[in-house]
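The residues making up each chain are set out below.
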Amino acid sequence: MAAEQRKAETVSLLQDLGLKEYEARSFLALTQLSRGTAKEISEISEVPRTRVYDAVRVLESKGLVEVQHSSPQQFRAVSIEEATAVLRQQYDTRIDTLQSQLEALDYQPEVDDSGRMQEVWALSGHDGIESRTHTLLEDAESEIVLLVVEEEILTEALYERLHDAVDRGVDVIIGGGTDAIIAKLGTELPSVKVFETELDWLLGPASDDEIAISRLLLVDRTTLLVSSFYPDADPDESHEQAVFANGLENGIVVLLRRIISSGLLPVANPVR
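Residues numbered from 1 in each chain as written. Predicted model: local features only at pLDDT ≥ 70, side-chain atom pairs only at ≥ 80, totals over all residues. Heavy atoms only, no water.

(A) How the structure looks around the pattern of salt bridges. Overall, the coordinates contain eight salt bridges when judged by the stated rule. Among the salt bridges present, the one from glutamate 130 reaches arginine 215, with a minimum N-O distance of 2.9 Å. With glutamate 130 in helix H6 (residues 126–139) and arginine 215 in strand S7 (residues 212–219), this pair connects stretches of sequence that are 85 residues apart. Assigned by exposure class, glutamate 130 and arginine 215 land together as buried. (Salt bridge = Lys/Arg side-chain N within 4 Å of Asp/Glu carboxyl O. Helix = DSSP H or I, 4+ residues; strand = E, 2+ residues; numbered from the N terminus. Buried < 20%, exposed > 50% of the residue type's maximum accessible area, 1.4 Å probe, protein only.)

See the structure below:
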C-alpha cells in the first residue's frame, strides 16, 4: 500500500471515530513528529496554519495531544497506545449512550404471527452478514451446522464463537467447500466434526458472471442464513448479500434443513 493511500485511509478511520478532517490530519502529522509547531504541522498535514490551532485545541481536549506553552508553542501527540485507548473509550461510550437512547424510545409491541408463515429477510454487506452470523452462533442452543465455501469467512472471531458453542454443549458440525478449508477447520477446531460437503450441485461453478454461495448456516434446525457473492469481482466492487429465515413453517428452512442434515448427529426434531 502506498504511503499516501495509507495516510488517506488513516485520516478516514480517524474521522469515522469522531474527528473532523483537519483534526485527523493534524493528529496524523504529529504522530510523524516527536514534537512540532503549528507551522510544521501545517506543512506536513496541508491544514491551513490558522486552522491548526483550532484543530490542536480540540485534540488536546480529547486527550490526544499535549501542549508546551513556549514561544512558539510546541505540540506533540500522545503515544499510539494511549491514543487508541482514548479513542476506543470514546467510541464505546458513544455506543453505550446510543443503546440507552434507543432502548428508552417508545416502540410498537410485536404482533403475534405464530399462525402465519415466517418471512424471509434480506441482508446486504459483508460486515452486517458477519455480525448476524456471529449473533446466531452465540444464540445457538442445540445444534450448529455451518457450510463454509469462501475461505475469508474463517476468522478468529468465528473460531472463538464456535469454541464457545462447543463449551456450552452445542453440537457443532462444519462442512468445507474445499480441501484447504476442511484442513483449516480440522486444525482450528479439532473437537468439532468436519465433513466434506457433497453439495457441489447446489454451490455450482464459480464464474465472473454467476453468484456463488459463500456460507450456509443452520442453527437449531430452525434458523437459516445463506450468503452469496461474485467470486471474481474486484474487492472494492464485491457486494455480499444474504437471506435470513427463521421457523420450520418456512419452506426454505425446511428444504435446506433436509438437504444439509443428511447424516448429521441424531438431534431430535423441533416441535412444530
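Back to the write-up after that little detour.
(B) Representation of the packing of aromatic side chains. In total, this model carries one aromatic pair according to the counting rule given. Centroid distance tyrosine 53 to phenylalanine 75: 6.4 Å. Interplanar angle 75 degrees. Geometry classified as edge-to-face. Of the two residues, tyrosine 53 is situated in helix H4 (residues 49–61) and phenylalanine 75 in strand S2 (residues 74–77); the sequence distance between them amounts to 22 residues. Phenylalanine 75 gets classed as buried once you look at its relative accessible area, which sits at 4%. Directly above the ring of phenylalanine 244 sits arginine 132, whose terminal nitrogen or CZ lies 4.7 Å from the centroid. (Phe/Tyr/Trp six-rings, centres within 6.5 Å; stacked < 30°, edge-to-face > 60°. Lys NZ or Arg CZ within 6 Å of the ring centre and 35° of its normal.)

(C) Expanded view of the packing of helix H2 (residues 21–31) against H4. Between H2 and H4, whose axes approach to 9 Å, the crossing angle comes to 85 degrees. The orientation of H2 with respect to H4, classified from their angle, is roughly perpendicular. Residue-level inspection shows Tyr22, Glu23, Ser26 and Phe27 of H2 in contact with H4, the latter providing Arg51, Val52, Ala55, Val58 and Leu59. Residues of the contact of H2 with H4, tallied by class, amount to six nonpolar, one polar and two charged. (Axes fitted to C-alpha atoms, helices over the stretch in contact; angles between N-to-C directions. Parallel < 35°, antiparallel > 145°, perpendicular 65-115°, else oblique. Contact = heavy atoms within 4.5 Å. Nonpolar A, V, L, I, M, F, W, Y, C, P; charged D, E, K, R; others polar.)

(D) Representation of the side chain of arginine 221 in the model. Looking at the secondary structure, you find arginine 221 in the loop between S7 and strand S8 (223–229). Looking at arginine 221, its side chain comes within polar contact range of the side chain of glutamate 143, at 2.9 Å. (Polar contact = N/O pair within 3.5 Å; in protein donor to acceptor, adjacent residues only side chain to side chain.)

(E) Main features of the confidence of the model for the chain. Of all residues in the chain, 78% attain a pLDDT of 70 or more, and the chain-wide mean is 81. Averaged pLDDT values for the elements of the chain fall to 55 in helix H9 (residues 200–203) and rise to 94 in H2. (pLDDT = per-residue confidence, 0-100.)

(F) The packing of helix H1 (residues 3–16) against H2, seen in detail. The N-to-C vectors of H1 and H2 enclose an angle of 125 degrees; their axes lie 9 Å apart at closest approach. One finds that H1 runs oblique with respect to H2. As for the relative orientation of H1 and H2, their crossing is right-handed in sense. Facing Lys7, Thr10, Val11, Leu14 and Gln15 of H1, the residues of H2 in contact are Glu21, Ala24, Arg25, Phe27 and Leu28. Within the contact of H1 with H2, the residues separate by chemical class into five nonpolar, two polar and three charged. (Left-handed = near helix turned anticlockwise from the far one by under 90°.)

(G) Region of interest: the environment of isoleucine 153. One can find isoleucine 153 in the loop between strand S4 (143–148) and helix H7 (156–167). Residue classification places isoleucine 153 among the buried positions, given a relative accessible area of 4%. Setting aside residues no more than four positions away along its own chain, isoleucine 153 makes contact with Glu130, Val148, Leu158, Ser214 and Arg215.

(H) Quick look at H2. Counting buried positions along H2 gives eight out of 11 residues, so the element sits mostly inside the fold. Within H2 the residues assigned to the buried category are Glu23, Ala24, Arg25, Ser26, Phe27, Leu28, Ala29 and Leu30. Those residues of H2 hidden inside the fold are in contact with H1, helix H3 (38–45), H4, strand S1 (65–68), S2 and helix H5 (80–104).

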